[in-house]
Structure formats: structure tokens, C-alpha cells
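Each chain, letter by letter, is given below.
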Amino acid sequence: MSHVSAIMLASAQFWFSQGLDQFTAGKDLRNIALLRCNLCQCCKIRANTNVILPGSSKDHDKKSNAETFLQKAVDHLVSAHEAMGERDADSLTWDMVSEELAATLLVLGVRRRQSSLAGSGSSHPIFLPGLRLTPGAEKEIVEPMERSCKIYESLGTAHARHQAAAAHYQLAMYFSKVWTCQRDEQKTRDKLAAAFKHFGLAHQYFFLNAKGNESTFIVLSLDFSNLYAAVSGEECLGKALGISLDTKEAFSLDAISAAFERLKPSDLRDWFNNMSTLSENVESRIMKLLLSLTKLEKDNNSKLKKDSPHSEKYKGMYREVLTHKMKSKIEIDGSTHLKEQ
């Protein structure tokens with residue numbers, strides 16, 4: 001942020017604070033809440049830009065970082081609710097503050113997770129016990145996101161339901177990383193159960209609302225599938241495969257038609273490029289899962305008597321996928337050859 005912008009932000013904060021003092025003295029609840037929201041936005045700008053305001057210490061600002069400003073933003077919104085007392089005082093303003101509070105809490109929780117866990121953008125678990133967080137550090141990550149979920153679920157709007165699912169997804173990402181580095185079996189089971197719970201809630205929403213959310217649904221499904229695969233065993237691998245196959249709805253003709261209707265031509269090209277990349281990821285995941293299941297199936301069959309029925313379910317599926325992949329490659333190579341002529 002430029003020096004001029006920093007000065008303007010400092011000025012805005014000053015006048016918002018001055019106005020807050022006046023409206024607090026006059027007990028104007030709506031304007032108190034609105035000014036708290038404005039001050040919250042100032043804090044979020046500082047969190048996102050790490051701006052150094054005139055008169056502040058550069059070293060102190062570096063040390064306090066984005067999380068401090070996000071916490072201040074949360075505090076402003078909590079104070080707005082406290083000033084109003086209850087929703088009946090002004091339901092419209094209360095809900096506006098609630099939605100902003102839920103969004104800020106979610107960002108705060110995700111930011112803390114990112115700063116505490118290396119590579120937390122991935123759902124791959126952590127295996128080193130030394131990276132296990134203390135109960136206090138875990139609470140600082142989980143509690144804001146859980147509060148965000150509860151607030152969004154209480155609002156009940158379509159947008160809030162979407163955001164609640166997003167919050168469950170972020171919680172699932174956290175628990176899916178830490179379940180493998182717990183100090184005892186019970187803790188491991190608890191974290192794994194929490195990961196499955198939050199993934200399940202997020203997946204349920206995006207499965208029913210995949211249209212317009214195709215990328216999110218596919219990436220979430222791949223992460224959810226990865227969790228099942230990490231647990232291992234034929235049952236879990238089968239569920240991982242099922243979740244991966246469910247993404248077919250995001251690649252359906254209906255999804256493509258809907259994309260044509262809602263997107264501009266330039267955005268449509270980006271959508272197709274993104275979906276093409278994601279389709280390759282899904283195909284790769286399905287191939288790996290089928291290969292693992294085929295090996296398990298073969299091992300199980302080897303333990304059976306010759307006259308006993310042998311299952312070749314996954315072997316057949318694996319062959320079908322390989323055949324489809326080879327045909328697709330031939331068709332693509334043929335198209336490329338005709339274009340070159």
C-alpha cells in the first residue's frame with residue numbers, strides 16, 4: 001500500500017472512531033454497529049496489506065502481523081453485537097454484523113491454520129509428532145471456524161448455507177492434516193472422525209449444489225477421497241472411488257450448458273481450461289484407486305478355493321478405464337494430425 005493510501009486509511013480510522021464515540025454517547029445502536037463494521041474493514045485492509053500507518057512502529061507491525069488485525073476486526077464486530085444486545089433491536093443490522101463476523105472468523109481461522117501448519121493448502125496429513133500443535137494452539141485455529149459455522153447456519157440464507165459448507169471444508173482440511181500425529185489412539189480417532197464429519201457436511205452441500213460450484217466440488221471431492229484412501233483397506237478405498245466417481249455430475253452436459261448460460265466468453269474459456277485440468281486429476285485418482293482395489297481383489301481371490309466364486313469387479317472397471325483412456329488418446333492424436341494437414 002502506498003504512503004498516501006496509508007494516510008487515508010489512518011484518517012478513515014480516526015474519523016470512524018470519533019463518530020463511534022459520538023453515537024455511543026447518544027446510544028444510536030444502528031450507527032454504532034455500522035461504524036464498528038467500518039472499523040472492522042479498516043483492520044481487514046491492514047491484515048491483507050500489512051500497511052504501516054503513520055506514527056506506528058514498523059517492527060511492532062511486523063511482529064503483530066495479519067492475525068492481530070483480524071482479531072481486532074472480530075473484536076469490533078463482537079462489540080457491535082454487545083452494543084445492540086439482541087437481534088430484536090434491529091434484525092437487519094444484527095444479521096449484517098453476524099454475516100461479517102462469520103466471514104472474518106473464518107478468515108482468521110484459516111490464516112492461523114496456514115501459519116501453524118506447513119503446506120496446509122493440501123489435505124495430505126502430517127506424520128511428524130514434533131509438528132503436533134498444543135491444545136491451546138489448536139483451539140485458536142478451530143474455535144473461530146466453528147463459530148463461523150454456527151453463525152452461518154443460524155442465518156439460514158442461501159448464501160449463508162454456502163459459506164457454512166465452505167467453513168466445514170476448511171475445518172475438514174485442518175483435521176485431515178493432524179489426525180496422523182496425535183499422542184494416542186483415542187485422539188487419533190477423534191481427529192479422524194472430525195475430518196470425516198466436516199468433509200461429509202461440506203460434500204453433502206456441494207454435491208447438491210455442484211452447478212456453478214464445479215471446481216470447488218471437484219477439489220473437495222478429491223480431498224475427501226484422499227482422506228478415505230489414507231485410512232486404507234478395501235472398504236475405505238471403495239468409498240474413495242465412489243466419491244471420485246460422483247464428480248461426473250460436474251462434467252455433465254447439464255453443467256456445461258449451465259456454464260454457457262452464466263459465463264462470458266472469456267470466462268468460459270477459463271472454465272473449460274480449469275475443468276480440463278481437473279478432469280485429468282480425477283482420472284488419475286480413479287486409475288490409482290482402481291489399481292489398488294484390483295490388487296486387493298486379486299489377493300482376496302488367491303485365498304479362495306478354485307471352485308469358489310471369484311470377484312473381478314474392480315479388474316473389469318480398471319480394464320474399461322484403460323480402454324477409454326486409450327481410445328481418447330487415439331481420437332485426440334487423430335484430431336491433431338488432421339489439423340496439421
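Criteria and cut-off values
- Residues numbered from 1 in each chain as written.
- Predicted model: local features only at pLDDT ≥ 70, side-chain atom pairs only at ≥ 80, totals over all residues.
- Heavy atoms only, no water.
- Salt bridge = Lys/Arg side-chain N within 4 Å of Asp/Glu carboxyl O.
- Helix = DSSP H or I, 4+ residues; strand = E, 2+ residues; numbered from the N terminus.
- Buried < 20%, exposed > 50% of the residue type's maximum accessible area, 1.4 Å probe, protein only.
- pLDDT = per-residue confidence, 0-100.
- Contact = heavy atoms within 4.5 Å.
- Expected span 1.5 Å × (residues − 1).
- Arc of directions from axis to C-beta.
- Core = buried A, V, L, I, M, F, W, Y, C linked by side-chain atoms within 4.5 Å.
- Polar contact = N/O pair within 3.5 Å; in protein donor to acceptor, adjacent residues only side chain to side chain.
- Phe/Tyr/Trp six-rings, centres within 6.5 Å; stacked < 30°, edge-to-face > 60°.
- Axes fitted to C-alpha atoms, helices over the stretch in contact; angles between N-to-C directions.
- Parallel < 35°, antiparallel > 145°, perpendicular 65-115°, else oblique.
- Left-handed = near helix turned anticlockwise from the far one by under 90°.
- Nonpolar A, V, L, I, M, F, W, Y, C, P; charged D, E, K, R; others polar.

Caption draft 1: Inspection of the pattern of salt bridges at higher detail. On inspection of all chains with the given rule, the structure shows eight salt bridges. Between D90 and R30 there is a salt bridge, with the nearest N and O atoms lying 2.8 Å from each other. Note that D90 is positioned in the loop between α3 (58-84) and α4 (91-116) and R30 in helix α2 (residues 29-49), a separation of 60 residues in sequence. Look at D90 and you get buried, because its relative accessible area is 13%. Close ionic contact of R189 with E185 constitutes a salt bridge, the shortest N to O distance being 2.9 Å. With R189 and E185 both in helix α7 (residues 185-208) and four residues apart, this pair spans about one turn of that helix.

Caption draft 2: Representation of the confidence of the model for the protein in the model. Predicted confidence across the protein gives a mean pLDDT of 87, with 85% of residues reaching 70 or more. Within the model, pLDDT remains below 50 along residues 59-63, and this stretch shows six contacts once partners closer than five positions in the same chain are excluded.

Caption draft 3: Geometry of the environment of F23. Here F23 is to be found in helix α1 (residues 3-25). Sequence-distant contacts of F23, defined by excluding residues within four places in its chain, comprise D28, N31, I32 and L35.

Caption draft 4: Looking closely at helix α9 (residues 234-245). Between its terminal C-alpha atoms α9 stretches 16 Å, which fits the 16 Å expected from twelve residues at 1.5 Å a residue. Along α9, the residues classified as buried are C236, L237, A240, L241, I243 and S244. Angularly, the buried residues of α9 cover 165° about the axis, an arc narrow enough to put them on a single face.

Caption draft 5: Region of the structure containing unusual backbone geometry. One non-glycine residue, K27, adopts positive backbone phi at about 55°. By secondary structure assignment, the location of K27 is in the loop between α1 and α2.

Caption draft 6: The nonpolar core, seen in detail. Counting 51 residues, the largest nonpolar core has Y174, F175, F199, I218 and L241 as its most contacted members. Counting only elements with at least two residues in this core, the list comes to α4, α5 (135-155), α6 (158-178), α7, α8 (214-231), α9, α11 (265-302) and α12 (313-340). For this core, the element with the highest residue contribution is α11, accounting for ten residues. Apart from the residues within four sequence positions on either side, F175 is in contact with V142, K191, A194, A195 and H198.

Caption draft 7: Highlighting the environment of Y205. Within the secondary structure, Y205 sits in helix α7. C-alpha separation for the pair Y205 and A165, spaced 40 residues apart in sequence, amounts to 6.3 Å. Excluding anything up to four places from it in sequence, Y205 contacts A158, R161, H162 and A165.

Caption draft 8: Fine view of the side chain of S225. Here S225 is to be found in helix α8. Overall, S225 belongs to the buried group, its relative accessible area being 0%. Here S244 takes part through its side chain, which lies 3.1 Å from a polar atom of the side chain of S225. With residues near it in sequence (within four places) discarded, S225 still touches A240, I243, S244, R285 and L289.

Caption draft 9: Representation of the packing of aromatic side chains in the model. All chains considered together, the criterion is met by eleven aromatic pairs. Their ring planes at 50° and their centres at 6.1 Å tell us that Y169 and F199 sit as a pair that is tilted. On the criterion of sequence distance, the pair formed by Y169 in helix α6 and F199 in helix α7 is long-range, its members being 30 residues apart. On the accessibility criterion, Y169 (11% relative accessible area) is buried. Relative accessible area serves as the criterion here: at 0%, F199 is assigned to the buried category.

Caption draft 10: Expanded view of the packing of α4 against α5. Interhelical geometry of α4 versus α5 gives an angle of 155° and a closest axis separation of 8 Å. What the angle tells us is that α4 and α5 run roughly antiparallel. Classified by chirality, the crossing of α5 by α4 is left-handed. Tallied by class, the residues present in the contact of α4 with α5 amount to 13 nonpolar, four polar and six charged.

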